[in-house]
Amino acid sequence: MLLRHARSLLFLPASNPRAIAKARTLSCDMVILDLEDAVPEDRKEEALGNAVEAVGEGFGGRLSAVRINVEGTRWHGREMVALKASAADYVVLPKVETPKQIKDVFSVSQKPVVAMIESAMGVLAAPAIAAAEGCAGLFMGNNDLRQDLGIPPSAGRDGLSLSLQSVILAARAARIAVFDGVFNRLDDEAGFESECAAGHVLGFDGKTLIHPSQVPVANQVFGPDPQAVVDARRLIEAATGGAERFEGRMIESMHVAEAKALIARAEAVGE
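Residues numbered from 1 in each chain as written. Predicted model: local features only at pLDDT ≥ 70, side-chain atom pairs only at ≥ 80, totals over all residues. Heavy atoms only, no water.

A. Examining the pattern of salt bridges more closely. Scanning all chains against the criterion turns up 18 salt bridges. Residues aspartate 104 and lysine 100 are paired through a salt bridge, measuring 2.7 Å at the closest nitrogen-oxygen approach. Remark: lysine 100 and aspartate 104 occur in helix α4 (residues 99–109); sequence separation between them is four residues, near one turn of the helix. Residue classification places aspartate 104 among the partly exposed residues on the basis of a relative accessible area of 28%. (Salt bridge = Lys/Arg side-chain N within 4 Å of Asp/Glu carboxyl O. Helix = DSSP H or I, 4+ residues; strand = E, 2+ residues; numbered from the N terminus. Buried < 20%, exposed > 50% of the residue type's maximum accessible area, 1.4 Å probe, protein only.)

In structure tokens, the structure reads:
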């Protein structure tokens, strides 16, 4: 599966073997083993060993990534070196604010890097970050971004709108994947579904998650609509080249390309 086809990207603590084992039974598209915020300091080394072992065993065709600790921490260098020899598909780097951070991690780990945009500086530098060598995608870090922007935790997403759209623009200009941030209120299923729908409309490829219960909704919202796939196949079959009429609307080569991309996404996620 290509990164841009992923709908559900589940964070879980690399210090929790039971959570790692359970991830292999879930329908998420990517498993992200966390070495950063979810792991206490006295378990960082253990978590790194768990992560390397887990990605070596694989996740049944799911994409795998490891979120390392930030530059300047005593674990950062060791984690990059360990992941170079690992089977991880991606390295997730938190709190990215400069393209140099991406280049440094990529040069050591030799793994494509997904940058987390979690601050005002990160948002403003997003175009350069997205274009950096080794950058494969962008994650929104909405919780930290809210704090940096001074947005109350209880507020909606209106204050994040410019930042969200700016990061999406940066990713699209660089032709890389981009994913919405996590939703913290685990008991608010309606709120989660609403935020997924809003992110989908904005243009995010999928959503990062913090609990297995969120996977089915993310897959449904960000996955191709079955009828849209049927319509896409019909459009491709009908197209003869150039601008033409199709079922009451005008189509051209751009619409054929969109239809092919939709079918490729559906096939990648098994729909």
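B. View of the nonpolar core. The biggest cluster of nonpolar side chains holds 58 residues, and the ones touching the most others in it are Leu33, Ile102 and Leu138. With residues near it in sequence (within four places) discarded, isoleucine 102 still touches Leu93, Val96, Val113, Ala115, Ile129, Ala132, Glu133, Gly134 and Cys135. (Core = buried A, V, L, I, M, F, W, Y, C linked by side-chain atoms within 4.5 Å. Contact = heavy atoms within 4.5 Å.)

C. Layout of the layout of surface pockets. By volume, the largest pocket amounts to about 530 Å³. Residue lining of the largest pocket: 24 residues in total, with Arg4, His5, Arg172, Asp205 and Arg265 positioned closest to the centre. When residues of the lining of the largest pocket are traced back to their parent elements, those giving at least two are α8 (161–174), α10 (215–222) and α12 (253–268). Per-element accounting of the lining of the largest pocket gives the leading share, four residues, to α12. When its residues are assigned to classes, the lining of the largest pocket shows 13 nonpolar, four polar and seven charged. (1 Å grid on protein atoms, 1.4 Å probe; cavity = no way out; pocket = protein on both sides within 12 Å on 5 of 7 lines; lining within 4 Å. Points joined across faces, edges and corners; volume = space filled by probe spheres on them. Nonpolar A, V, L, I, M, F, W, Y, C, P; charged D, E, K, R; others polar.)

D. The arrangement of the environment of alanine 170 in detail. Relative to the helices and strands, alanine 170 resides in helix α8. A residue is classified by how much of its surface remains accessible, and alanine 170, at 4% relative accessible area, is buried. Expressed as a C-alpha distance, the spacing of alanine 170 and leucine 186, which sit 16 residues apart in the sequence, is 30 Å. Sequence-distant contacts of alanine 170, that is, excluding residues within four places in its chain, are made with Ala126, Pro127 and Ala130.

E. Examining the packing of aromatic side chains more closely. On inspection of all chains with the given rule, the structure shows three aromatic pairs. Between phenylalanine 139 and phenylalanine 179 the ring centres are 5.7 Å apart and the planes differ by 85°, which places this aromatic pair in the edge-to-face class. Here the residue phenylalanine 139 occupies a position in strand β6 (residues 135–140), and phenylalanine 179 occupies one in strand β7 (residues 177–180), the gap between them amounting to 40 residues. The exposure classification of phenylalanine 139 matches that of phenylalanine 179, with both residues buried. Through a chain of ring-to-ring contacts, the aromatic side chains of Phe11, Phe139 and Phe179 assemble into a single cluster. Over the aromatic face of phenylalanine 59 sits the side chain of arginine 24, whose NZ or CZ is 4.6 Å from the ring centroid. If you follow lysine 44 out to its NZ or CZ, it ends over the ring of tryptophan 75, 5.0 Å from the centre. (Phe/Tyr/Trp six-rings, centres within 6.5 Å; stacked < 30°, edge-to-face > 60°. Lys NZ or Arg CZ within 6 Å of the ring centre and 35° of its normal.)

F. Local environment of unusual backbone geometry. We note that lysine 95 has phi near 55°; this positive angle belongs to a residue other than glycine. A relative accessible area of 34% means that lysine 95 is categorised as partly exposed. Of note, the phi angle at glutamine 110 is positive, near 55°, even though the residue is not glycine. Along the polypeptide, glutamine 110 turns up in the loop between α4 and β5 (113–117).

G. Just the sheet that holds β6, in detail. Strand order in the closed barrel formed by eight strands is β1-β2-β3-β4-β5-β6-β7-β8, with parallel pairing between adjacent strands. Taking the axes of each pair of neighbouring strands and ignoring which way they run, one obtains an average angle of 25° across the sheet. Bridge count between β7 and strand β8 (residues 206–209): two bridges; the pairing is parallel. Residue pairing in the sheet places phenylalanine 179 in a bridge with glycine 206 of β8. Packed onto the sheet, helix α9 (residues 189–202) meets β7 and β8 and runs at close to 140° relative to β8. (Pairing = 2+ DSSP bridges. Axes fitted to C-alpha atoms, helices over the stretch in contact; angles between N-to-C directions.)

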